[in-house]
Amino acid sequence: MSRPDTLRASIRIAATPAEIFPYLVEPRLLVQWIGTWADLNPEPGGVFALNVGDTPVRGAFVSVDPPHRVVFTWGVPGSAALPAGSSTVEILLTAEGSETVVELFHHDLPADELPQHEAGWTSFLDRLRQVASS
Amino acid sequence: MSRTQANRPSGVEAGSGPDAVLRALADPQRRRMLQLVRSHELAAGQIATHFDITQQAVSQHLRLLQRAGLLSERREGARRLYSLRPESLEPVRTVLAELWPDALMRLKHVVEQGKRQKQEERMTR
């Protein structure tokens, strides 16, 4: 029933890939643009831990190729729809003149997560409530 | 609160969006209705056989779910067939679909601002 899916977002930044890359792998720099707390060990298999608001995001680095590409897994412990490490985020930095195009792909997302059991509805509704109030 | 609002069945005023979806899902009977039609279409009458409430009450619940965007309705002769619209139940995707573009905007801002600060420091040195 679950249909894996990918989200894509991109932006153009007036900086080189080498200037941007540290912001993807250094906790102090990462939390300036996403999350409030991070613990990162940017090497294959290394920990990727990030708190976004009240939500703990947990995964591991899959691939770290400075300054052009970083891949890490992404999930929420205890979530039935998106368990820790279940989806994958890929960020590509491509120089274009004096600028860099940042492309972000979030792969393997559940496209259909209607809870199977009544118990599953609780966390589902909690998440939905967060969306509604944000 | 006006009388018309007070007389309305709860949640019927719901439009679409997360608020409407939340209100629609607040009721356990409506949640069971969604589960019944998650993998195949059912007519309103078939859905009603699973509940101890009147067919009219079932229809009212179905209309509310449809208005919240959770169900799609198809007419076949005199029958109305209902099925789940899975794309309406995507809070995870919704969160991330909003999170990433906002985050990248902030990334652009902090990188470019950090760069400007460094340049200014160099110039004043």
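What counts, and where the lines are drawn
Residues numbered from 1 in each chain as written. Chains lettered and ligands numbered in written order. Predicted model: local features only at pLDDT ≥ 70, side-chain atom pairs only at ≥ 80, totals over all residues. Helix = DSSP H or I, 4+ residues; strand = E, 2+ residues; numbered from the N terminus. Buried ≥ 20, exposed ≤ 12 C-beta atoms within 10 Å, placed from the backbone. Contact = placed C-beta atoms within 7 Å. pLDDT = per-residue confidence, 0-100. Axes fitted to C-alpha atoms, helices over the stretch in contact; angles between N-to-C directions. Parallel < 35°, antiparallel > 145°, perpendicular 65-115°, else oblique. Nonpolar A, V, L, I, M, F, W, Y, C, P; charged D, E, K, R; others polar. Pairing = 2+ DSSP bridges. Arc of directions from axis to C-beta. Core = buried A, V, L, I, M, F, W, Y, C linked by C-beta atoms within 7 Å. Expected span 1.5 Å × (residues − 1).

**Overview of the overall build of chain A**
Moving on, step 1. Each helix and strand in chain A was counted, giving four helices and seven strands.
Moving on, step 2. Order of helices (α) and strands (β) in chain A, N terminus to C terminus: β-α-α-α-β-β-β-β-β-β-α.
Moving on, step 3. Each of the 134 residues in chain A was classed as buried or not, and the buried ones make up 26%.
Moving on, step 4. Sequence separation of 24 or more characterises 39% of the internal contacts of chain A that already satisfy a separation of 6 or more.

**Things to note about the overall build of chain B**
Moving on, step 1. Check the secondary structure of chain B and you find six helices and three strands.
Moving on, step 2. Going from the N terminus to the C terminus, chain B shows its helices and strands as α-α-α-β-α-α-β-β-α.
Moving on, step 3. Taken over 125 residues, chain B has a buried fraction of 28%.
Moving on, step 4. The contacts in chain B between residues at least 6 apart in sequence include a share of 53% that link residues at least 24 apart.

**Comments concerning the confidence of the model for chain A**
Moving on, step 1. Across chain A, the average pLDDT comes to 84, with 76% of residues at or above 70.
Moving on, step 2. At the low end of the mean pLDDT range in chain A sits helix α4 (residues 118-133) of chain A, at 60; at the high end sits helix α2 (residues 22-25) of chain A, at 97.

**Notes on the packing of helix α3 (residues 28-36) of chain B against helix α5 (residues 55-67) of chain B**
Residue and element names in this part refer to chain B.
Moving on, step 1. Following both chains from N to C, one finds α3 and α5 inclined at 75°, their axes separated by 10 Å at the closest point. One element, α3, and the other, α5, form an angle in the roughly perpendicular class. The residues of α5 that touch α3, namely those facing Gln29, Arg30, Met33 and Leu34, are His61, Leu62, Leu64 and Leu65.
Moving on, step 2. The residue inventory of the contact of α3 with α5, partitioned by class, reads five nonpolar, two polar and one charged.

**Examining the environment of A:Gly85**
All names here are of chain A.
Moving on, step 1. Examined against the element boundaries, Gly85 turns out to sit in the loop between β5 (69-74) and β6 (87-96).
Moving on, step 2. Judged by C-beta crowding, with 17 C-beta atoms within 10 Å, Gly85 ranks as partly exposed.
Moving on, step 3. Considering only alpha carbons, one finds Gly85 and Phe48, 37 residues apart in sequence, at a separation of 9.3 Å.

**A few points about the sheet that holds strand β2 (residues 71-76) of chain B**
Residues and elements named next belong to chain B.
Moving on, step 1. An order of β1-β3-β2 is seen for the three strands of this open sheet, with the pairing classed as antiparallel. Edge strands, defined here as strands with exactly one partner in the open sheet, are β1 (42-43) and β2.
Moving on, step 2. Across six bridges, β2 lies against strand β3 (residues 79-84) in antiparallel orientation. Residue pairing in the sheet places Arg75 in a bridge with Arg80 of β3.

**Comments concerning α3(B)**
Moving on, step 1. Buried within α3(B) we find B:Arg30, B:Arg31, B:Met33 and B:Leu34. In an axial view of α3(B), the angular spread of the buried residues amounts to 155°, which keeps them on one side of the axis.

**Regarding the environment of A:Pro27**
Residues and elements named next belong to chain A.
Moving on, step 1. Within the secondary structure, Pro27 is located in helix α3 (residues 27-30).
Moving on, step 2. When the C-alpha atoms of Pro27 and Ala49 are compared, they prove to be 9.4 Å apart, with 22 residues separating the residues in sequence.
Moving on, step 3. Apart from residues no more than four positions distant in its own chain, Pro27 is found in contact with Ala38, Asp39 and Leu40.

**Description of the nonpolar core**
Moving on, step 1. By size, the foremost hydrophobic cluster in this structure holds 28 residues, and its most contacted members are A:Ile20, A:Tyr23, A:Leu24, A:Val102 and B:Val111.
Moving on, step 2. When contributions to this core are tallied by element, the ones reaching two or more residues are α2, β2 (37-40), β3 (47-52), β5, β6 and β7 (99-110) of chain A together with α6 (91-124) of chain B.
Moving on, step 3. If one sorts the elements of this core by residue count, α6(B) sits on top with five residues.
Moving on, step 4. Every residue in contact with A:Ile20, bar those within four places of it in the chain, is listed here: A:Ile13, A:Ala15, A:Leu93, A:Thr100, A:Val102 and B:Val111.
Moving on, step 5. Counting residues in hydrophobic clusters, the runner-up holds 18 residues, among them B:Leu34, B:Val37, B:Ala68 and B:Leu70.

**Observations regarding the pairing of strand β4 (residues 55-65) of chain A**
All names here are of chain A.
Moving on, step 1. With six bridges connecting them, β3 and β4 associate as antiparallel partners. Considered in β4, the bridge of Val52 is made with Thr55.
Moving on, step 2. Connecting the antiparallel pair β3 and β4 is a turn made up of two residues, with Gly53 showing a positive phi of about 60°.
Moving on, step 3. In this structure, the hairpin formed by β4 and β5 is closed by a connection of three residues.

**Considering α5(B)**
Residues and elements named next belong to chain B.
Moving on, step 1. With 13 residues, α5 should reach 18 Å at 1.5 Å per residue; the first-to-last C-alpha distance of 18 Å fits that figure.
Moving on, step 2. All of the buried residues in α5 are Val58, His61, Leu62, Leu64 and Leu65. For α5, the arc enclosing every buried residue in end-on projection is 160°, short of the 170-degree limit, so these residues lie on one face.
Moving on, step 3. After α5 finishes, the residue Gly69 shows a positive phi value of roughly 90°.

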